[in-house]
Amino acid sequence: PKTPGLELRLETLQKEIEARPKHHPLADYGDRAREVLLLARMGRIVFSRQKGTVSNAADMTTPTVLITGFEPFDGMSENLSGTMIRHLESTHFVIPHIDLRLAVLPVSYEKADARMLELLAEHRPHTVLAFGIGRSDPLITIERIAINVDDAECCDNCGEARSGTAIEQDGPAAYFSNVPVAEIRTALSDGGIPAAISNHAGAFLCNHLLYRLLHASETDGYPAPHASFTSQEFNGIATLAQDLSAL
């Protein structure tokens, strides 16, 4: 904030929050609630929209990274993104100094939304890496843009088909990913991992989820950077685990 009076109020409010217990009610702040949410947007405190509670950001000393994949859909026997998550779970994959959380999401517009909101509220991740399966060249693509529309020929796993349906009725037409996509591509390529930037995540669940994540970051006090990746089958799941380490 550029207004000196506002910055002073925010500093005072942040000190008050830091002096209080974790997960105390937002309602305690009355007409200052909007300034509390502004602090959350700035990453200076943590707000749980689901619980309606406020916490000191310093309480989250170890960065939490949430990595998700999807279950199979549209008749496929395996979704490599979900298989990767199960592989990481079964091998107890770790990243040093990171609190790693893993989840396989349902291929359902409504159920994926609900599950992701639960995960955001439960883990308050610093970063979300959302993986999906692609049907293009055998490489990892980093999604640059999420558009505000669901429009896919295939149904989700609950039998729901959407054609030209807005993800958020009052949301912007698109969001740009809030991670350095060019730097991620370069890091992967320098590590010998085929990678490219994608300017269109389609209009099915990969795009839907990325839009939801970016919208939550923009409007609901979730400060996490969100990245979406699609991948085609490599030479086994171990290669994808190696790719993940490079990220």
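Fair warning: this is a prediction, and the values are worked out from it, not measured in the lab.

About the cut-offs
- Residues numbered from 1 in each chain as written.
- Predicted model: local features only at pLDDT ≥ 70, side-chain atom pairs only at ≥ 80, totals over all residues.
- Heavy atoms only, no water.
- Buried < 20%, exposed > 50% of the residue type's maximum accessible area, 1.4 Å probe, protein only.
- Helix = DSSP H or I, 4+ residues; strand = E, 2+ residues; numbered from the N terminus.
- Arc of directions from axis to C-beta.
- Pairing = 2+ DSSP bridges.
- Right-handed = clockwise from strand over helix to strand, strands pointing away.
- Axes fitted to C-alpha atoms, helices over the stretch in contact; angles between N-to-C directions.
- Left-handed = near helix turned anticlockwise from the far one by under 90°.
- Contact = heavy atoms within 4.5 Å.
- pLDDT = per-residue confidence, 0-100.
- Polar contact = N/O pair within 3.5 Å; in protein donor to acceptor, adjacent residues only side chain to side chain.
- Phe/Tyr/Trp six-rings, centres within 6.5 Å; stacked < 30°, edge-to-face > 60°.

Draft legend 1. Representation of helix 5 (residues 181-190). By the burial criterion, the buried members of helix 5 are Val181, Ile184 and Leu188. End-on, the buried residues of helix 5 take up no more than an arc of 60°, which puts them together on one face. Along helix 5, the residues that are exposed and aim more than 90 degrees away from the buried face are Glu183 and Asp190. Once helix 5 ends, the next one or two residues include glycine 192, with phi positive near 80°.

Draft legend 2. Layout of the pairing of strand 4 (residues 64-70). In terms of burial, strand 4 is largely enclosed, as 7 of its 7 residues are buried. With burial as the criterion, each face of strand 4 is covered, one bearing Thr64, Leu66, Thr68 and Phe70 and the other bearing Val65, Ile67 and Gly69. Of the pairings in the sheet, the one linking strand 4 to strand 5 (residues 99-105) comprises 7 bridges and is parallel in character. Its bridge partner being in strand 5, phenylalanine 70 is matched across the sheet by leucine 105. Tracing the backbone out of strand 4, into helix 3 (residues 80-90) and back to the parallel element strand 5 gives a crossover that is right-handed. Both strand 4 and strand 6 (residues 127-133) contribute to a ladder of 4 bridges, which runs parallel. In the strand pairing of strand 6, isoleucine 67 is matched with leucine 129.

Draft legend 3. Representation of the packing of helix 4 (residues 109-123) against helix 6 (residues 205-219) within the structure. Two numbers describe how helix 4 lies on helix 6: the axes approach to 11 Å, and their chain directions differ by 40°. The element helix 4 and its partner helix 6 pack so that their crossing is right-handed. Where helix 4 approaches helix 6, its residues Tyr109, Ala112, Asp113, Met116 and Leu120 are matched on the opposing element by Leu205, His208, Leu209, Arg212, Leu213 and Ala216.

Draft legend 4. Region of the structure containing the confidence of the model for the protein. With 85% of its residues at a pLDDT of at least 70, the protein reaches an overall mean of 84. When pLDDT is averaged over each element of the protein, strand 8 (residues 145-147) comes out on top at 95 and helix 7 (residues 237-246) at the bottom at 51. Here residues 234-238 is modelled with pLDDT under 50, and outside its nearest four sequence neighbours on either side it reaches 13 contacts, counting other chains as well.

Draft legend 5. Structural view of unusual backbone geometry. At histidine 92, a residue that is not glycine, the phi angle is positive and equals roughly 55°. Note that histidine 92 resides in the loop between helix 3 and strand 5. Judged by its relative accessible area of 65%, histidine 92 is exposed. Positive phi, close to 45°, is recorded for arginine 124, a residue that is not glycine.

Draft legend 6. Inspection of the side chain of asparagine 79 at higher detail. Looking at where asparagine 79 falls in the secondary structure, it is placed in the loop between strand 4 and helix 3. Under the relative-accessibility criterion, asparagine 79 is labelled buried at 2%. A polar contact is formed between the side chain of asparagine 79 and the backbone oxygen of phenylalanine 70, at a distance of 3.5 Å. Discounting chain neighbours no more than four positions away, the residues touching asparagine 79 are Phe70, Glu71, Pro72, Phe73 and Ile133.

Draft legend 7. The packing of aromatic side chains, seen in detail. Under the counting rule described, the total for this entry stands at 3 aromatic pairs. Where phenylalanine 73 meets phenylalanine 204, the ring centres are 5.5 Å apart and the plane angle is 50°; that geometry is what we call tilted. You can see phenylalanine 73 sitting in the loop between strand 4 and helix 3 and its partner phenylalanine 204 sitting in the loop between strand 10 (195-198) and helix 6, a full 131 residues away along the chain. Phenylalanine 204 shares its class with phenylalanine 73; the two are buried. The interplanar angle of 50° and the centroid separation of 5.0 Å between the aromatic rings of tyrosine 175 and tyrosine 211 together place this pair among those described as tilted. Residue tyrosine 175 is located in strand 9 (residues 174-176), and its partner tyrosine 211 is located in helix 6; the two are separated by 36 residues in the primary sequence. Classification of tyrosine 175 as buried rests on a relative accessible area of 11%. By way of ring pairs, the aromatic residues Phe73, Tyr109 and Phe204 are connected into one cluster.

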